[in-house]
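Chain and residue survey
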Amino acid sequence: MNEGLLLARVSDRPGALERAVGLIRRRAFAVRRLSISLAHDAALELLLRIDETHTSRERVRQELLGLHDVLEVRDLGAAPRLTRELLLAWIKPTAAPQAPGAARVVAVSAEGGCLLELAGTPAEIDDVLARLREHGTVFASVRSGEMAAPEHHPAHDNKGES
Amino acid sequence: MTRSTVADEFCRLLIGEGVAVVFGHPGGAILPFYDSLQRVGAPRHILMRHEQAAAHAADGYARATGRTGVCIATSGPGATNLVTGLATAMMDSVPMVAITGQVPTSVRGTDAFQETDVLGVTMPVTKHGFSLERAADLTRVVQEAFRIARSGRPGPVLIDIPKDVQNAALVHAEPATTPLRRMPAAAFDNTLFTRILELLGQAERPLIMAGRGVIISDTAPALRRLAERADLPVVTTLLGLDAFPATHPQALGMPGMHGTVRACHAIQRADLILGLGLRFDDRVTGPVRSFAPNACIVHIDIDTPAAGRTVRAALRMNADLRAVLPAFADAVTPRRCAEWWSELQAWPRAAAPAAEWTAPDHALTARLTTRSLAARIAAARSIVVTDVGQHQMWIAQELRDAEPRTHLTSGGLGAMGYALPAAIGAAIACPRRSVWVVAGDGGFQMTLQELATVAQERIPLRIAVFNNGYLGMVRQWQELFYDRRYSAVELSSPDFPCLARAFGIPGRAVECAGQLADALDWAEQSPGPVLLDLRVAREENVFPMVPPGAALHEVVAAPVVGAV
C-alpha cells in the first residue's frame, strides 16, 4: 500500500478538531490512521496516515490549509523513519517469550495475566499483536496511535520549544 | 441610564463593518440582541417569515452588491432553518455572517428548550464558526468573522452567542489566547504568468472558461479586454453568465448539461483552456475522464484546494483575479484565431432556433415566455433572480447582456425556494434597479410566505411564476430516463394571482401567447410588487442537454417543444 504522513498543527479552539475531522469525512479522504496529541505550544497535532492509492497527501494538505484553525501542515513524506506507537497488552504469562526483546512487563494481575509494554513502528506493533493472537494469548490490548517526529532536531531550524 | 451590553456593542460593530441592513427572525435566545437593535436604531432590520428566507435574502443582498450579507436567527429551530441558506452561500462563494442566539451558558448541554448545537450542525456548510463565550472576545470575533467571510474565496461564517453573553456588560477586549491563522495572500508568480502568456500565444484553439470568480473580483472589464485582444472565445458558467455579455460575438454561452452546442463542442476541441475563477463542477464537465480531451488546462483560482478536486489542470495558479486578470489583458499578444472561429461557427450558438419557440396553437411556451422576458430584463437593465429547475436553465440560455451582479441564482446547491427571498435582499440592496423573480410553481411554493415580507416592506419586485403543474426538471428526467414513469411530480397549486392579492400584491394570469406582451407591459409599468402567473405548456423540455454520464460532445440539441 502506498501511504504517506501529514502532521497538521491545529489551534486548540472549540470546534477546531471537529472541523478538521469533518473535512476528512466530507472530502472522503482515505485516512488510515489518525492520532491526536497536544504540542508544546498548546496547539493540537494531528498525525494523518494517508492511503495514497486513493488520495494524494498534497490534496489533503491543501484542503486542511483551507481551514482557519489549521496553523500549519507538514508533509512528513511517504516513508518517514521516525514513527512510533505504544502497545499495552494483557497477555498470558506463557506468551511472554514470544514478545520481542524490547517489550517489558509493567504489571501483573491477580488473575495471572501480565501487562506488556512495547514501543515500535506501527508495522512492528501489527506483527507482534498478530503473533500473540495467533497463539490465543492476548486478553486485551490498546494502542496509543501513531506518533512521528520531524527528521531534523528543532534546533536545526532555530525553532526550539519556548 | 441603561448600561452598554455585548448586544449593544455587537450592533455598533455591525455598523462599523458597513452593515446597513440585516435579515432575520427574532426568538427567545436572541431577544437581547433584538432589544439592542431597537435601542441602537441600526442596522435596519427586515423581518422575514422564515429563517431560510433570511439567509437567502442576505445572500441576494451580498451577490447584488459584493458586500457581506447578514442574517439573524434564534437558537434551536431558528438556527437549523438557516442551514439551506448557509449551504447555498458556501457552494456559491457568497460572503455572509449569520448570527444565532444560543441558550444561556448555565443550561447549555442539558437539552434546554430550543437548544441545538448549531456550530456542529453548520460546520460542513460554513467557512468558519464562532461561539462567543466571553464579552472580552466580542470585537475580535466580529472582526474575524467579517474578515473570513469576505477574504479569499468568500463564504458564510456563523457567530453563536449564548443569551447571557448577549446581556453581559461590556469589558475591555482581550487578545485571543489561540489565534486563527491568517490565510496568506497569493504571491504573483511571474514565471507562471509568463508561461501562461506563452501558451496563449501558441495555442491554435484557445478558450476561456469564466466563472463566478470574475464577478466576485470585479474583473469583468479585464476579461473582456483579454478576450478581445487575443480573439479568444469565452464560455461562461451559470454563475459567471453576467461576467461577459451574451450577445458579444465572442460569447459561446454556457457550458455543460444545458449549455449551448457551440460551448460544449468548443471545450472538447480546444487545445488550451484558460479557466478563470470557476470550480469545474460536474454539471460543467460531465465525466471528468472525457472532459476537454485535447486541452492543456490552465486553472486560475483564489481557492487553492479547488484546483484538482475535479479536473487535473496542467498549470494551476493560486491567485486573486483582481491581481492577475488585468495583467493578462495588458500583456497578452494581440492575435487572431480565424481558423478556430470558422470551426466554432459551424455549431449552433442559440439554444433553440426561432422556428421552434412558438407553438402552432398559440399556447404559451416556456421558450417564448423566457425569450420575451429576457429581452425586457435586458432592456431595463434589471436584476433577475431565478429559482431552480427548468426555468432557471431557460433564463440562463436566453439571458442577454447582463451586467455583473445582475443574474442571481443558486448554482452549486440548487436550492429550490431561493429566488423570492434572495430577490428581496437584492431589491433592498439596489433600490434603483428593477428586480425580477423568475420561479417555477414548485420552487415558488417553498418560500412563498415571503410575499408577506414583500408586501410589508413594499418591495417592488416583479414576480414571474412559470406554472406548468409539474416539478418540471424532475418530470423531464423521468420522461427521458425513466420511460415516462412520472412519480410524485404532478403539482397542484393555489390560484397564484388570487393568493398574491390576499397578500396585497396585484397579480395576473397569462393563459396564451397572445396575452404575454400585454402582461409584461403591465408588470413593467406597475410600481410593483406584481405577480404574473405564466401558465406555460405542461411538458416542455430543456434542450440542449448532455445526458447524464455522457461527454460534452454528445450534447443533444433536441426540439424545444415536446408534448405541448
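In case you missed it, the structure is sitting above this.
Attention in this report is confined to the structure presented alongside it. (Residues numbered from 1 in each chain as written. Chains lettered and ligands numbered in written order. Predicted model: local features only at pLDDT ≥ 70, side-chain atom pairs only at ≥ 80, totals over all residues. Heavy atoms only, no water.)

Once that is clear, we can look at the sheet that holds strand E5 (residues 128–131) of chain B. Residue and element names in this part refer to chain B. Spatial ordering of the open sheet is given by E2-E1-E3-E4-E6-E5, a layout of six strands whose pairing is parallel. Each edge of the open sheet is held by one strand with a lone partner, namely strand E2 (44–47) and E5. Across the sheet, the mean angle separating the axes of adjacent strands is 20° when strand polarity is ignored. As paired strands, strand E3 (residues 69–73) and strand E4 (residues 96–102) are joined by five bridges and run parallel to one another. Counted as the bridge partner of Gly 69 is Met 96 from E4. Seen against the sheet, helix H7 (residues 138–150) touches E3, E4, E5 and strand E6 (156–162) and runs at an angle of roughly 160° to E6. (Pairing = 2+ DSSP bridges. Helix = DSSP H or I, 4+ residues; strand = E, 2+ residues; numbered from the N terminus. Axes fitted to C-alpha atoms, helices over the stretch in contact; angles between N-to-C directions. Contact = heavy atoms within 4.5 Å.)

Residues and elements named next belong to chain B. When you line up the elements, Asn 81 lands in the loop between helix H4 (77–80) and helix H5 (83–91). Sequence-wise, Asn 81 and Ala 419 are 338 residues apart; in three dimensions their C-alpha atoms are separated by 17 Å. Sequence-distant contacts of Asn 81, defined by excluding residues within four places in its chain, comprise His 50, Glu 51 and Gln 52.

Across the boundary between the two partners, chain B contributes 19 residues, which contact 19 residues of chain A. Our count for the contact surface shared by chain B and chain A stands at one salt bridge. The residue Arg 309 of chain B makes a salt bridge to Glu 63 of chain A at a minimum N-O spacing of 2.6 Å. Where chain B packs against chain A, one counts one residue pair in polar contact (both at pLDDT 80 or more). Looking at the side of chain B that touches chain A, the elements that each hand over two or more residues are E5 and H7 of chain B. (Salt bridge = Lys/Arg side-chain N within 4 Å of Asp/Glu carboxyl O. Polar contact = N/O pair within 3.5 Å; in protein donor to acceptor, adjacent residues only side chain to side chain.)

Residues and elements named next belong to chain B. Across the sheet, six strands lie side by side as E9-E8-E7-E10-E11-E12; this open sheet has parallel pairing. What marks the edges here is a single partner per strand, and that holds for strand E9 (251–253) and strand E12 (315–318). For this sheet, the mean angle separating the axes of adjacent strands, direction not counted, is 20°. Against the sheet, helix H9 (residues 190–202) makes contact with strand E10 (272–276), strand E11 (296–301) and E12, and its axis sits at roughly 135° relative to E12, the strand it touches most.

That's the geometry; what it means functionally is another story.
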